[in-house]
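# Residue-level structural notes
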Amino acid sequence: MRLVLTMLWLTAINPFQIQGAKTTSLASPSKILKLEIGEIAEGLQLRLSGPRNLQLTIDASGYKTGIGNIPAGTIISDVIIHKVNKQWNPVYGERKVIPDRYREAVITLSDTGSATGRMEVICRVYDEGIAFRYRFPDKLPKRVILQQELTAFRFEGNCEAWASSRAQSPIAKTTLDKLSPEVERPLVIKAGESSWLALGEAALVDFARVKFMADPQRPHTLIAQLSGEVDPDHAGYISPWRYVMVADSPGKLLENNYFILNLNEPCRIQDVSWIKPGKVIREVSLTTQGGLACVDFAAKHGVEYVEFDAGWYGPENNPLSDATAVNVDPQRSPGPLDLHKIIGYANEKNVGIILYVNHHALERQLDTILPLYRSWGIRGVKYGFVNVGSQQWTSWLHEAVRKAADNRLMVDIHDEYRPTGYSRTYPNLMTQEGIRGDEESPSTEHTLNTLFTRMIAGAGDNTNCYFAPRVPATMGGKAAQLAKAILLFSPWQFLFWYDRPDGSPVKKGGAGGNESVIKEVPELGFYKALPTVWDETRVLEGAIGQFATIARKKGDTWFVGSLTGSQEREVKIPLEFLQKKSDYEAVLYGQNQENLQKNEVTVKRLTVNSSSVVSERLLPNTGWAIKITKMESSTNK
């Protein structure tokens, strides 16, 4: 066996060789994690160790095919190792600068049991976790199909896990041995009192999706389950990454979610000037009157986009509905809807229009509607009820994102799609659902499950609905909604999902009830100032399903959101993250018992600095939001 070690610190390369080694050991840049890599009968065994006696064994055994397993009896014939220390700037995100530091081993396995050629396993070790993927440097024999992935994760005990069977199903606490059938990724696991893991998939582009389930043959073991067979030729002879994030708390897992972006290719869009994050109001009445009212509201209140959802071009589930023409579904609204008039008016007001298109029309008309919508002046498209899982539909969907980029259109993907970091490569993919959002009326406890599991994967379109009656009835009141707009990251932040502004018809079809009327309340100023992308993000505290506090910075202004589950709790926030020797104005939006019943929020103003501690007693199932702005006198110091 030949082992070549390449050390890469920015641009410096210093190769050397070590002969005869049978195992390879990699340590993370700060030596927090260690990965030992060795041969097993078929493939590799990866042994991960870390702080607090963390131990995890991974069998990276390749794939089952119709002509046998790949590999089938292996020896390590070549190892190439290199070290990377760099950082990069995303087009937008939860932080302005992303560190990318790891050690990587490319391990070649010579197949001694069949004629399928070599296979490589690429392993990376970061301080934030490990990742590995399979690659076939030799083309496989024709018509070889990957039928089953043979990857297994073996734990030391029957650990607790937080799982959902589908992207939008409830997330519940369970144990590893009960994970059947398959569950979504990322899968968060408590491996010890201060050892938290997240198992997932990154850079899924032209492969079948993976999920995880308990191995029926081995206790405390998870196996990878592909959502269908894979043609390796169509996949470019490389698999997505399988990763294990490691942290001492659920909050740190969430704070480190840039890890998944690092496992994706850099941005491929040369001119990104047209990609604009922002806040969104859904137009619910599907009428000209409602559309113009939404544009006026958006222009007045700093909302960048108005979205027209299902029904604007006919019944969305009718395969014959034509998404090239405005033809309102009479079951949703009597209309009339002059969409082109609204688009022109919105452009005058510097407000963008987003159009929803169901998968029936997308699959049939994609190549027609994308250039057409660009000619109309549309800014983005929301892909609805897309097919997911299989290699065919995974590949189709990411190609649809690339085609949207060719037409300078941004994208929101709804329903069962879970992100795996493709927004780094094509940042016109602004957000996606794959989340049990507010249209499902989740409790704050469930939102706190979502925050520390689903949100590790990336942006989530939570469909906030601020003025809807369900907010005080089941979702903790308005202050919780304000907090969620900070906690749940989305570059397109839908704030008003069922809400109608002044001037919109309130008894004329569409979505939402007549009670969801937008009122001129003080907290609209909070939403007007709220960014949707950030320079810095800090998870200050958090426990899955129980509570969370997150601080995010844009420029000189900080926004802090706090949410509590079923238990009342006292929240104390030291403002140590503020610039020293500077004064700030803090505007605090809370929820006392009286205002919860009135569906109102309390508003307080304080002068604070980096030595200040702000506190609030949160009622069960409520939230707290704070806007902290640097005072002009401090700015001029």
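Use the structure listed above.
The text that follows walks through the structure, step by step, so that each part is easy to find. (Residues numbered from 1 in each chain as written. Predicted model: local features only at pLDDT ≥ 70, side-chain atom pairs only at ≥ 80, totals over all residues. Heavy atoms only, no water.)

### A look at the overall build of the protein
Along its length, the protein carries 13 helices and 35 strands. On C-alpha atoms alone, the protein measures out to a radius of gyration of 25 Å, which is about the 26 Å that the 2.2 N^0.38 rule sets for 637 residues. Counting all 637 residues of the protein, 60% fall into the buried class. Considering only residue pairs separated by 6 or more positions, the protein has 69% of its internal contacts joining residues 24 or more positions apart. Surface accessibility of the protein: about 23800 Å² in total, with carbon and sulfur atoms responsible for 47%. (Helix = DSSP H or I, 4+ residues; strand = E, 2+ residues; numbered from the N terminus. Rg over C-alpha atoms; globule rule 2.2 N^0.38 Å. Buried < 20%, exposed > 50% of the residue type's maximum accessible area, 1.4 Å probe, protein only. Contact = heavy atoms within 4.5 Å. Areas by Shrake-Rupley, 256 points an atom, 1.4 Å probe, with all protein chains shown as cover.)

### Here's the deal with the pattern of salt bridges
Summed over all chains, the structure comprises 37 salt bridges. Note that Asp 296 is salt-bridged to Lys 349, the shortest N-O span being 3.8 Å. Here the residue Asp 296 occupies a position in helix α3 (residues 288–301), and Lys 349 occupies one in the loop between α4 (339–348) and β23 (352–358), the gap between them amounting to 53 residues. Linking Lys 382 and Asp 309 is a salt bridge whose minimum nitrogen-to-oxygen distance equals 2.6 Å. With a gap of 73 residues between them, Lys 382 in strand β24 (residues 380–384) and Asp 309 in the loop between β22 (305–308) and α4 connect regions that are remote in the sequence. Under the relative-accessibility criterion, Asp 309 is labelled buried at 7%. Through salt bridges with shared partners, a single network forms among Glu 149, Glu 184, Arg 185, Glu 201, Lys 211, Arg 242 and Arg 418. (Salt bridge = Lys/Arg side-chain N within 4 Å of Asp/Glu carboxyl O.)

### A closer look at the sheet that holds strand β25 (residues 410–413)
The parallel open sheet is built from 7 strands, whose spatial order is β26-β25-β24-β23-β22-β21-β27. Single-partner strands in this sheet number two, and they are β26 (429–432) and β27 (492–496). Pairs of neighbouring strands in the sheet enclose a mean axial angle of 30°, with direction left out of account. Summarising the sheet, β24 and β25 pair through 4 bridges and their orientation is parallel. Paired with Val 381 across the strands is Val 411, a residue of β25. Sheet strands touched by helix α6 (residues 391–406): β24, β25 and β26. Its angle to β24, the strand with the most contacts, is close to 165°. (Pairing = 2+ DSSP bridges. Axes fitted to C-alpha atoms, helices over the stretch in contact; angles between N-to-C directions.)

### Observations regarding the environment of Asp 78
Following the sequence through the fold, Asp 78 ends up in strand β9 (residues 74–88). The exposure class assigned to Asp 78 is buried, which follows from its relative accessible area of 12%. A C-alpha to C-alpha distance of 30 Å links Asp 78 and Phe 212, two positions 134 residues apart in sequence.

### A closer look at the sheet that holds strand β35 (residues 623–630)
Read from one edge to the other, the open sheet built from 6 strands follows the order β28-β29-β30-β35-β32-β33, with strand pairing classed as antiparallel. Whereas interior strands pair on both sides, the edge strands pair on one side only; in this sheet they are β28 (536–543) and β33 (602–608). The average angle at which neighbouring strand axes cross in this sheet is 15°, direction not considered. Inspection of the sheet shows strand β30 (residues 557–564) paired to β35 by 7 bridges, in the antiparallel sense. Looking at the pairing, Thr 557 lines up with Thr 629 of β35.

### Things to note about the packing of helix α5 (residues 359–376) against α6
Contact geometry of α5 with α6 gives a least axis separation of 10 Å together with a crossing angle of 15°. Taken as axis vectors, α5 and α6 run roughly parallel relative to one another. In the packing of α5 onto α6, the handedness of the crossing is right-handed. Across the interface between the two elements, Leu 362, Glu 363, Leu 366, Asp 367, Leu 370 and Arg 374 of α5 pack against Trp 393, Trp 396, Ala 400, Lys 403, Ala 404 and Asp 406 of α6. The residue inventory of the contact of α5 with α6, partitioned by class, reads 7 nonpolar, no polar and 5 charged. (Parallel < 35°, antiparallel > 145°, perpendicular 65-115°, else oblique. Left-handed = near helix turned anticlockwise from the far one by under 90°. Nonpolar A, V, L, I, M, F, W, Y, C, P; charged D, E, K, R; others polar.)

### Some points on α3
Here α3 contains 14 residues, and its C-alpha end-to-end distance of 20 Å stays within 8% of the 20 Å for a straight helix at 1.5 Å per residue. Residues of α3 that are buried include every one of Thr 288, Gly 290, Gly 291, Ala 293, Cys 294, Val 295, Phe 297, Ala 298 and His 301, and no others. The elements touched by buried residues of α3 are β21 (278–283), β22, α4, β27 and α11 (524–529). At the exit of α3 stands Gly 302, carrying a positive phi of roughly 70°. (Expected span 1.5 Å × (residues − 1).)

### Brief notes about the pairing of strand β4 (residues 23–27)
Pairing geometry for β4 and strand β5 (residues 34–39), over 5 bridges, is antiparallel. Within the sheet, the bridge partner assigned to Leu 26 lies in β5 and is Leu 35. What sits between β4 and β5 in their antiparallel hairpin is a turn of 6 residues, with Lys 31 showing a positive phi close to 60°.

### Focus: α5
Taking 1.5 Å of rise per residue, the 18 residues of α5 would be expected to cover 26 Å, yet its terminal C-alpha atoms sit only 21 Å apart, more than 12% below that figure. Along α5, the largest kink reaches about 90° and is centred on Gln 365. Turning to α5, the residues buried within the fold contact α4, β23, β24 and α6. The backbone nitrogen of His 360 lies 2.9 Å from a side-chain oxygen of the residue at the head of α5, namely Asn 358. Positive backbone phi, approximately 95°, marks Gly 377, located one or two places after α5. (Bend = angle between axes of the 7 residues up to and from the residue. Polar contact = N/O pair within 3.5 Å; in protein donor to acceptor, adjacent residues only side chain to side chain.)

Interpretation in functional terms is not warranted from these geometric data alone.
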